[in-house]
Amino acid sequence: MTRAEELFKALKDFLAALEETIYQYHDTRATVAEHWSERLCKSYEKHYGKKLVLPRWNDIKQKYLITAVR
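What you see is a predicted model, and the numbers here were worked out from it, not measured in a lab.

Peer 1: Looking at this structure, how should I read the pattern of salt bridges?
Peer 2: Once their charged atoms are close, side chains differing in charge can pair, the charge on each being opposite to the other. Tallied over the full model, the rule gives 2 salt bridges. Measuring nitrogen to oxygen at the nearest pair gives 3.3 Å for the salt bridge that ties Arg 56 to Glu 19. With Arg 56 in the loop between helix H4 (36-48) and helix H5 (57-60) and Glu 19 in helix H2 (residues 11-24), this pair connects stretches of sequence that are 37 residues apart.

Structure (structure tokens):
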């Protein structure tokens, strides 16, 4: 099991986090981020025959908030 598989509960959540990272990095925001998820979802559907809908990171990030234990 990879680190990403251990951390994220679903592939969609991992991809949403990746999309957010691409968007937040200023060098990729204007180039890669604009159509990244659209192209990814089209490729996924073409390969697997299933539609992939990515959630917005802000809608799911509460599932992954790490709280400090004292």
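Peer 1: What is the right way to look at the packing of aromatic side chains in this model?
Peer 2: Ring pairs (aromatic) are described by centroid distance and by the angle formed between their planes. Per the stated rule, a full pass over the model turns up 2 aromatic pairs. Aromatic pair Trp 57 and Tyr 64: ring centres 5.9 Å apart, planes at 15°, arrangement stacked. Tyr 64 shares its class with Trp 57; the two are buried.

Peer 1: Before we go on, may I ask you to explain the packing of H2 against H4 in this structure?
Peer 2: Geometrically, a packed helix pair is captured by the angle between its two axes and the distance between the axes. Orientation of H2 relative to H4, taken along the N-to-C sense of each, is 150°, at an axis distance of 10 Å. As summarised for this structure, H2 and H4 are arranged roughly antiparallel, according to the angle between their axes. Residue-level inspection shows Leu 11, Leu 15, Leu 18, Glu 19 and Ile 22 of H2 in contact with H4, the latter providing Trp 36, Ser 37, Leu 40 and Tyr 44. Grouping the amino acids of the contact of H2 with H4 by side-chain chemistry returns 7 nonpolar, 1 polar and 1 charged.

Peer 1: Any chance you could explain the environment of Phe 14 here in plain terms?
Peer 2: Topologically, Phe 14 is positioned in helix H2. Each C-alpha atom of the pair Phe 14 and Pro 55 lies 9.9 Å from the other, and the pair is 41 residues apart in sequence.

Peer 1: Can you help me understand H2 in this one?
Peer 2: Note: α-helices contain 3.6 residues per turn, so residues at a spacing of three or four share the same orientation. Across its 14 residues, H2 extends 20 Å between first and last C-alpha, which sits within 8% of the 20 Å expected from 1.5 Å per residue. Taken as a whole, H2 has its buried residues at Asp 13, Leu 15, Ala 16, Ala 17, Glu 19 and Ile 22. Turning to H2, the residues buried within the fold contact helix H3 (26-29), H4 and H5.

Peer 1: Mind showing me how you'd approach the nonpolar core here?
Peer 2: Membership of the largest hydrophobic core is limited to 7 residues, which are Leu 15, Ile 22, Ala 33, Trp 36, Cys 41, Leu 52 and Leu 54. Looking at this core, the elements with two or more residues in it are H2 and H4. Discounting residues that sit within four places of it in the chain, Leu 15 has contacts with Trp 36, Leu 40, Leu 52 and Leu 54. Membership of the second largest hydrophobic core comes to 6 residues, among which are Phe 8, Trp 57, Ile 60 and Tyr 64.

Cut-off values and rules
- Residues numbered from 1 in each chain as written.
- Predicted model: local features only at pLDDT ≥ 70, side-chain atom pairs only at ≥ 80, totals over all residues.
- Heavy atoms only, no water.
- Salt bridge = Lys/Arg side-chain N within 4 Å of Asp/Glu carboxyl O.
- Helix = DSSP H or I, 4+ residues; strand = E, 2+ residues; numbered from the N terminus.
- Phe/Tyr/Trp six-rings, centres within 6.5 Å; stacked < 30°, edge-to-face > 60°.
- Buried < 20%, exposed > 50% of the residue type's maximum accessible area, 1.4 Å probe, protein only.
- Axes fitted to C-alpha atoms, helices over the stretch in contact; angles between N-to-C directions.
- Parallel < 35°, antiparallel > 145°, perpendicular 65-115°, else oblique.
- Contact = heavy atoms within 4.5 Å.
- Nonpolar A, V, L, I, M, F, W, Y, C, P; charged D, E, K, R; others polar.
- Expected span 1.5 Å × (residues − 1).
- Core = buried A, V, L, I, M, F, W, Y, C linked by side-chain atoms within 4.5 Å.

Geometry only, nothing functional implied.
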